[in-house]
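# Residue-level structure breakdown
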Amino acid sequence: MTLQQVYDALESKTFYDAEGRRFSFVNNSIGIDRKALIPFLIYKEEESFILSPEKPFAAEKDLRIEIGEVINFYGKEAGEKLLTLA
C-alpha cells in the first residue's frame with residue numbers, strides 16, 4: 001500500500017467508532033462528531049503508516065494505521081489498539 005492509498009482509504013467515507021462517534025478525514029484534517037477539526041499528517045516508518053495529529057485524540061498522539069475491512073489504530077509506542085473505525 002502506498003501513502004496515497006492510505007490517504008484515499010481514509011478520505012473515502014465517514015467512519016464510526018464503537019461509541020458511535022463520527023470520524024471524517026478531509027483535506028488533512030480529522031473531523032470528530034463535527035465538533036473538532038484536527039490537522040494531521042501520515043508518514044511511513046519502516047513498514048508501517050503512522051497518523052500524527054496536531055493534537056492527540058486517543059491515549060497516544062501518534063497512531064499506527066492498519067487498514068482492512070475496518071481501520072484500526074494502535075499506539076505507536078505501546079502497540080495497544082486504541083481505536084477501531086468501521
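Our structure's up above, just so we're on the same page.
Let me begin by describing the structure that accompanies this report. Because the structure is predicted, anything quoted here is derived from the model rather than measured.

## Notes on helix 1 (residues 3-11)
Turning to helix 1, its buried residues number three or more, namely Val6, Tyr7, Ala9 and Leu10. On an axial view of helix 1, the arc spanned by its buried residues comes to 160 degrees, and they lie on one face. On its buried face, helix 1 is in contact with strand 1 (15-16), strand 2 (22-26), strand 4 (36-45), strand 5 (48-53), strand 6 (63-67) and strand 7 (71-75).

## A word on the packing of aromatic side chains
How two aromatic rings sit relative to each other is given by the distance of their centres and the angle of their planes. In the structure shown here, the tally under the stated rule is four aromatic pairs. Where phenylalanine 15 meets phenylalanine 25, the ring centres are 6.3 Å apart and the plane angle is 75 degrees; that geometry is what we call edge-to-face. Of this pair, phenylalanine 15 sits in strand 1 while phenylalanine 25 sits in strand 2, and the two are ten residues apart along the sequence. Taken as a pair, phenylalanine 15 and phenylalanine 25 share a single burial class, namely buried. Centre to centre, the rings of phenylalanine 23 and phenylalanine 57 are 6.1 Å apart; their planes meet at 50 degrees, and the pair counts as tilted. Note that phenylalanine 23 is positioned in strand 2 and phenylalanine 57 in the loop between strand 5 and strand 6, a separation of 34 residues in sequence. For phenylalanine 23, a relative accessible area of 0% corresponds to the buried category. The class of phenylalanine 57 is buried, set by a relative accessible area of 16%. An aromatic cluster is defined as three or more aromatic residues linked by ring pairs; in this entry it consists of Tyr7, Phe15, Phe25 and Phe40.

Thresholds, definitions, all that
- All chains use their own residue numbering, which begins from 1 and follows the written sequence.
- Where totals are concerned, whole chains, interfaces and linings use all residues; where local detail is concerned, this predicted model gives features only for residues with pLDDT of at least 70, and gives and counts side-chain atom pairs only at 80 or more.
- Heavy atoms from the whole structure form the basis of all side-chain values; hydrogens and water molecules are not counted.
- Partly exposed residues are those whose accessible area sits between 20% and 50% of the maximum for their type, while under 20% is buried and over 50% is exposed, using a 1.4 Å probe and protein chains only.
- We count a stretch as a helix when DSSP gives it H or I for four or more residues in a row; a strand needs E for two or more, and each element gets its number in order from the N terminus.
- Taking the helix axis as origin, the arc is that swept by the directions to the C-beta atoms.
- Every residue pair with non-hydrogen atoms within 4.5 Å of one another is taken to be in contact.
- Here the aromatic set is Phe, Tyr and Trp, taking the six-membered ring for Trp, and pairing holds for ring centres within 6.5 Å; pairs whose planes are under 30 degrees apart are stacked, those over 60 apart are edge-to-face, and all others are tilted.

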